[in-house]
Amino acid sequence: MSSFSKIASMDGFVSERFVVHRDKLLGNYDQGGKYTISNKIIKELMQMRKIKKHTYDNSLFCISDILGIGEILFEIKYSKKAVGKKASSKIYVLEDVYKVNGYYINTIRTQIGEFVSTVDNYLQKSYDYYNVVLVDDEEGRERLGDTKNDYPYVTSKKEYDEAVYRTISDKMEKSYKDLFDSKMAIIKGESGSFASGVAEGYTNEYNAINSRFLTANGDNNYIAYNDLLDKVIEDRDGVIEAEASETKELYVRFEKPISDLAKNYAEVLVDADKQAKKMLGKGALEKYEELEQEVIDTNRLVKKSPAYDCGVIYNNITTADMEKDVLASKNVKSKEKVKDISSISSKLKSIVRSNKTIIKEKELER
């Protein structure tokens, strides 16, 4: 499995886990904030035919457009220098997470493979290994004709999450309303500069984006309101040293409403899991249950083995200190050495990107 551990969230990772269902992500968060993509799904991602979209610096961005699933984005990052007579590259799957109804977007960037070979004709060999097709987008999609039936594990995961979201969305909206009202009441009841700064910051942010990102959804906005409030709190946290004790006390007072949200989520998820599995067809259900069993088997293995901390990169920011930990390798017919990366260690970086700006190229920070 490929995974990473996220830093502590404002609500104990409930929002992250809820977003998995809403945005039909390929992986899952556990209660400790660890995001994992199944090996079975990774295998299908590697098999997908990928259409070259554009390049930036030493990265190639590709797209797989699967009928019944939609677009899946990939980045292939090539090493700038060869080591001896060997060249290498890594492939990542990119998943967008929409916050505050799209006001800003985080991108989860998860490594799913690596290719090492001799420098001779390396670029073409990497295309063959990663299954990259060098054709125009529209023409290529029409020619390839891939469908969800070609990737049953990816399909079952997305169909399950869509079914769960339909079941729990209204109930979770109410839970987020309770959380938002409680947090705002706590903030407004404080007299310190941190709380007043957060209240003012939230009002300013709300007024700036309300007409475009909030009012269109009517009353069903409390998930977005919480995202926005958390953003304001996190942006201010640690900026003014004198506010440290007040900030800590505020977080302590948030614990009860956050605990209530987590409890509500756990309760509604029990029934939603049963309902979602009833909605899946027999074939999709079998595949999804195989994914569940893989998680169980992996957890058993982890209990007997040293833990690996795996890296995440948000918004396509590349960490400078990425350290690979090669757990297995295999020989292929061409005798190139193929390394299956099960984990990578890196620092977490997260940058908010406003959806107001149209970004034509995904820029990478070196």
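Residues numbered from 1 in each chain as written. Predicted model: local features only at pLDDT ≥ 70, side-chain atom pairs only at ≥ 80, totals over all residues. Heavy atoms only, no water.

In this structure, what is going on with the pairing of strand β7 (residues 86-99)? I would like to understand it.
Two faces make up the sheet, and in a regular strand the side chains alternate between them. With 10 of 14 residues buried, β7 lies mostly within the body of the structure. Sheet topology places strand β6 (residues 70-78) next to β7; 6 bridges connect them, and they run antiparallel. Counted as the bridge partner of F74 is V93 from β7. Judged from the 14 bridges that link them, β7 and strand β8 (residues 104-118) form a sheet pairing that is antiparallel. (Buried < 20%, exposed > 50% of the residue type's maximum accessible area, 1.4 Å probe, protein only. Helix = DSSP H or I, 4+ residues; strand = E, 2+ residues; numbered from the N terminus. Pairing = 2+ DSSP bridges.)

Quick question: what am I supposed to make of helix α2 (residues 39-47) here?
Every α-helix carries 3.6 residues per turn, so stepping three or four residues along brings you back to the same face. Buried within α2 are the following residues: I41, I42, E44, L45 and M46. The N-cap residue of α2 is S38: its side-chain oxygen and the backbone nitrogen of K40 are 3.0 Å apart. (Polar contact = N/O pair within 3.5 Å; in protein donor to acceptor, adjacent residues only side chain to side chain.)

Honestly, the pairing of β6 in this entry has me stumped. Any pointers?
Burial of β6 is extensive: 7 of the 9 residues sit out of reach of the surface. One ladder, built from 8 bridges, connects strand β5 (residues 59-66) with β6; its direction is antiparallel. Counted as the bridge partner of L60 is I76 from β6. In textbook terms, the turn of a hairpin is the stretch between consecutive antiparallel strands, and for β5 and β6 this stretch comprises 3 residues, one of which, G68, has a positive phi near 95 degrees.

How should unusual backbone geometry be read in this particular structure?
Leaving glycine out, the prevailing phi sign among residues is negative, and the prevailing peptide bond configuration is trans. Phi is positive for N101, which is not a glycine, with a value near 55 degrees. Looking at the element boundaries, N101 is found in the loop between β7 and β8. Phi at N121 is positive, roughly 55 degrees, even though this residue is not glycine. The topology assignment puts N121 in the loop between β8 and α3 (122-130).

So yeah, pure geometry; function would need other evidence.
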